[in-house]
Amino acid sequence: VHVWSYRVTNRNIEDVVKVLNKQLNSTFRECDNVSFVGHSLGGILIKGILHYNHNCKIHRIVTIGTPHHGTLAADFSQKYFRYPFRWYLGEVFDQLHWKSEHLYYKFPKNVEIGGIGSNVDRKKYLNPFAFILNGHVNDGLVEINSTHTDEMHDYIITQTDHVSQLWHRETIEATVRFIECGKF
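Colleague: Would you mind going over the overall build of the protein chain in detail, with residue names and values included?
Modeller: Scanning the protein chain for helices and strands turns up 6 helices and 4 strands. The buried share among the 184 residues of the protein chain stands at 48%. Partitioning the intrachain contacts of the protein chain with sequence separation of at least 6 by distance along the chain shows that 72% fall at a separation of at least 24. Only carbon and sulfur atoms are counted for the fraction: they give 54% of the accessible area of the protein chain, which is about 10,200 Å².

Colleague: Would you mind going over the packing of aromatic side chains in detail, with residue names and values included?
Modeller: Aromatic ring pairs are reported here in terms of the distance separating the ring centres and the angle at which the planes meet. Evaluated as defined, the whole model comprises 2 aromatic pairs. Ring geometry for Y52 versus Y105: centroids 6.2 Å apart, planes at 75°, classification edge-to-face. A residue pair is termed long-range when its members are at least 10 positions apart, and Y52 in helix α2 (residues 41-52) and Y105 in the loop between α5 (91-94) and β3 (112-118) qualify at 53 residues. Judged by its relative accessible area of 40%, Y52 falls in the partly exposed class. By relative accessible area, which is 2% here, Y105 ends up buried. For the ring pair F178 and F184, a centre distance of 5.0 Å and an interplane angle of 35° mean the geometry is tilted. Exposure class is identical for F178 and F184. Each is buried. Over the ring of F107 we find K47, and its NZ or CZ is 5.1 Å from the ring centre.

Colleague: How would you explain the nonpolar core if you had to name every residue and give the values?
Modeller: Ranked by internal contacts, the top residues of the largest apolar core, which has 27 residues, are I13, F36, L41, I61 and L96. If you tally residues by element for this core, the top one is α2, at 6 residues. Once residues lying within four places of it in the same chain are set aside, the contact partners of L96 are I13, L41, I44, P67, G70, T71, A74 and L103. Among the nonpolar cores identified, the runner-up in size contains 7 residues, and V62, I64, F178 and F184 belong to it.

Colleague: Describe the side chain of R60, listing the residues and the values that go with them.
Modeller: You can see R60 is positioned in strand β2 (residues 57-64). Setting aside its immediate chain neighbours within four residues, R60 contacts V34, S35, F36, V111, E112, F178, I179, E180, C181 and G182.

Colleague: Go over the layout of surface pockets, please, and point to the residues and values.
Modeller: Of the voids in this model, the second largest pocket is the one considered here, and its volume is about 150 Å³. Residue lining of the second largest pocket: K47, H68, H69, L103, Y104, Y105, K106, T149, D150 and E151, and that is the complete set. Taken together, the residues that form the lining of the second largest pocket break down as 3 nonpolar, 3 polar and 4 charged.

Colleague: Tell me what's going on with unusual backbone geometry, and back it up with residues and numbers.
Modeller: Even without a glycine there, the phi angle at S40 is positive, about 55°. A positive phi angle, close to 65°, is found at N110, a residue other than glycine. Position of N110 relative to the elements: it lies in the loop between α5 and β3. N110 gets classed as exposed once you look at its relative accessible area, which sits at 83%.

Colleague: Talk me through the side chain of T147; I want residue IDs and the actual numbers.
Modeller: Within the secondary structure layout, T147 lies in the loop between β3 and β4 (154-158). For T147, a relative accessible area of 2% corresponds to the buried category. At a separation of 2.7 Å, a polar atom in the side chain of T147 contacts the main-chain carbonyl oxygen of I144. One polar contact links T147 to Y155, side chain to side chain, over a distance of 2.6 Å. Residues in contact with T147, not counting those within four places in the same chain, are G65, T66, H68, I116, G117, V142, M152 and Y155.

Quick notes on the rules
- Residues numbered from 1 in each chain as written.
- Predicted model: local features only at pLDDT ≥ 70, side-chain atom pairs only at ≥ 80, totals over all residues.
- Heavy atoms only, no water.
- Helix = DSSP H or I, 4+ residues; strand = E, 2+ residues; numbered from the N terminus.
- Buried < 20%, exposed > 50% of the residue type's maximum accessible area, 1.4 Å probe, protein only.
- Contact = heavy atoms within 4.5 Å.
- Areas by Shrake-Rupley, 256 points an atom, 1.4 Å probe, with all protein chains shown as cover.
- Phe/Tyr/Trp six-rings, centres within 6.5 Å; stacked < 30°, edge-to-face > 60°.
- Lys NZ or Arg CZ within 6 Å of the ring centre and 35° of its normal.
- Core = buried A, V, L, I, M, F, W, Y, C linked by side-chain atoms within 4.5 Å.
- 1 Å grid on protein atoms, 1.4 Å probe; cavity = no way out; pocket = protein on both sides within 12 Å on 5 of 7 lines; lining within 4 Å.
- Points joined across faces, edges and corners; volume = space filled by probe spheres on them.
- Nonpolar A, V, L, I, M, F, W, Y, C, P; charged D, E, K, R; others polar.
- Polar contact = N/O pair within 3.5 Å; in protein donor to acceptor, adjacent residues only side chain to side chain.

Read these as layout, nothing more, since geometry by itself doesn't imply function.
In structure tokens:
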């Protein structure tokens with residue numbers, strides 16, 4: 001298992017993809033039978049890395065809470081709170097709006113892809129975006145319909161919020177199951 005972290009401040013999606021692609025190439029001389037797991041923006045970055053890196057033989061990919069089609073929370077924030085969020089998240093933030101042209105990367109063909117979305121009970125979860133996404137099934141930040149793509153071989157919905165997905169037992173067990181056997 002290798003974990004990559006990345007900074008998005010003062011960068012756009014393409015810049016972060018290039019940095020991570022360099023890390024991938026320097027970490028794995030031979031990129032054979034590798035699986036990827038990405039949370040949120042991490043899923044988009046995986047698609048970007050694999051768009052430019054054709055040397056990897058991919059085993060499986062799991063995305064967790066990834067806004068593949070953008071998120072309405074980013075639209076709202078851009079409109080009303082653009083500068084605080086842009087200061088913190090950089091250009092990446094501007095690229096996550098709904099149906100953004102910056103989210104054009106596709107998964108490689110002939111790779112099993114699993115997706116995990118999440119739904120949160122807004123009565124139990126205090127999140128400033130919950131009222132923005134009211135009427136849209138979501139994890140408090142990303143709408144469920146944005147976490148699914150037609151390229152996915154399997155997809156599940158867990159009952160947790162966006163940030164807690166990383167530590168949610170059901171999410172962890174489902175991720176391991178998919179990497180091992182291609183099914184949740």
